[in-house]
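# Summary of structural features
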Amino acid sequence: MTSQPTPWRATVLTLFPDMFPGPLGVSLAGKALAGGLWTLEARDIRASATDKHRSVDDTPAGGGPGMVLRADVLAVAIDAAGIAPERPRLLMSPRGRPLTQAQVTALAAGPGPLIVCGRFEGIDQRVIEARALEEVSIGDYVLSGGEIAAMALIDACVRLLPGVMGKQASGTEESFSEGLLEYPQYTRPQEFEGRPIPEILISGDHAKVAAWRLAQSEALTAARRPDLWTRKAGQKPLGRGTKNTTDG
Ligand code: ADE
């Protein structure tokens with residue numbers, strides 16, 4: 001008898017477990033969840049509080065506004081989750097390293113992470129260090145908590161799991177992981193409010209279509225993402241007929 005492989009798993013520690021699965025329960029991710037292609041466990045950090053008020057936070061040492069999530073409470077919550085050592089332990093935080101498609105691909109290829117969702121002004125630094133949490137940001141803006149960021153990360157991983165998306169994923173994936181933004185897409189009708197579909201796309205000339213799309217991707221990337229474009233320009237292979245300096 002063959003045993004089923006363990007599905008990819010996301011374990012989320014949050015003060016708002018009712019927020020899950022939320023948007024992850026519908027559409028592509030939701031169907032895959034219902035179909036057993038991945039599993040989700042949202043655990044309530046407050047269940048690990050020990051005092052009679054079930055408090056999870058306290059005022060910041062040194063003063064200042066807001067409240068800080070206590071190290072002892074969060075440590076108990078993490079330990080109670082019983083996370084296997086090979087699973088990544090992430091903390092969603094605007095202070096983290098920015099999430100990339102490369103990291104998403106690596107996370108999707110593994111067993112699935114533990115994700116701690118921050119709230120309040122922050123989390124006691126000692127538990128971040130003591131439980132080796134890797135801080136991850138989904139962008140340079142501040143959300144009111146890590147839950148929506150965790151959902152974004154999980155969604156990006158789940159769509160890459162085998163059987164979730166099939167062939168559809170590959171195009172978008174290749175384009176982004178090659179460091180270019182997607183070219184514009186069109187479909188029927190042939191004309192919309194006086195705007196026709198670019199003629200080249202209905203020419204049937206596949207080579208010309210591919211060249212047009214690449215040029216569009218490059219122009220968009222250069223205009224909108226100079227950071228990606230500079231990196232890309234540094235990697236560009238030398239064109240045909242261009243003398244390669246290593247050839248002597
Ligand atoms: N929590 C609050 N803001 C965040 C962000 N930008 N990324 C990840 N987690 C967050």
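Here the structure is shown first, and the text comes after it.
An account of the accompanying structure is given in this report. Since we're looking at a predicted model, the values are computed, not measured.

All right, on to the nonpolar core then. One finds Trp 8, Trp 38, Leu 153, Ile 154 and Val 158 to be the most contacted residues of the largest nonpolar core, which totals 26 residues. When contributions to this core are tallied by element, the ones reaching two or more residues are β1 (8-14), α1 (27-34), β5 (89-98), α3 (101-109), β6 (114-117) and α5 (147-158). A total of 8 residues in this core trace back to one element, the largest contributor, which is α5. If we skip the residues at most four places from it in the chain, Trp 38 touches Pro 7, Trp 8, Ala 10, Leu 24, Ala 29, Ala 32, Leu 33, Ile 154, Val 158 and Leu 161. Membership of the second largest hydrophobic core comes to 21 residues, among which are Leu 15, Ile 45, Val 56 and Ala 77.

Interaxial distance between α3 and α5 falls to 8 Å at its minimum, and their mutual angle equals 70°. In terms of orientation, α3 lies roughly perpendicular with respect to α5. By crossing handedness, the relation of α3 to α5 is classed as right-handed. Seen from α3, the contacting residues are Val 104, Leu 107 and Ala 108; seen from α5, they are Leu 153, Ala 156 and Cys 157. For the contact of α3 with α5, the per-class residue count stands at 6 nonpolar, no polar and no charged.

Here is what the cut-offs are and how they apply
Residues numbered from 1 in each chain as written. Predicted model: local features only at pLDDT ≥ 70, side-chain atom pairs only at ≥ 80, totals over all residues. Heavy atoms only, no water. Core = buried A, V, L, I, M, F, W, Y, C linked by side-chain atoms within 4.5 Å. Buried < 20%, exposed > 50% of the residue type's maximum accessible area, 1.4 Å probe, protein only. Helix = DSSP H or I, 4+ residues; strand = E, 2+ residues; numbered from the N terminus. Contact = heavy atoms within 4.5 Å. Axes fitted to C-alpha atoms, helices over the stretch in contact; angles between N-to-C directions. Parallel < 35°, antiparallel > 145°, perpendicular 65-115°, else oblique. Left-handed = near helix turned anticlockwise from the far one by under 90°. Nonpolar A, V, L, I, M, F, W, Y, C, P; charged D, E, K, R; others polar.

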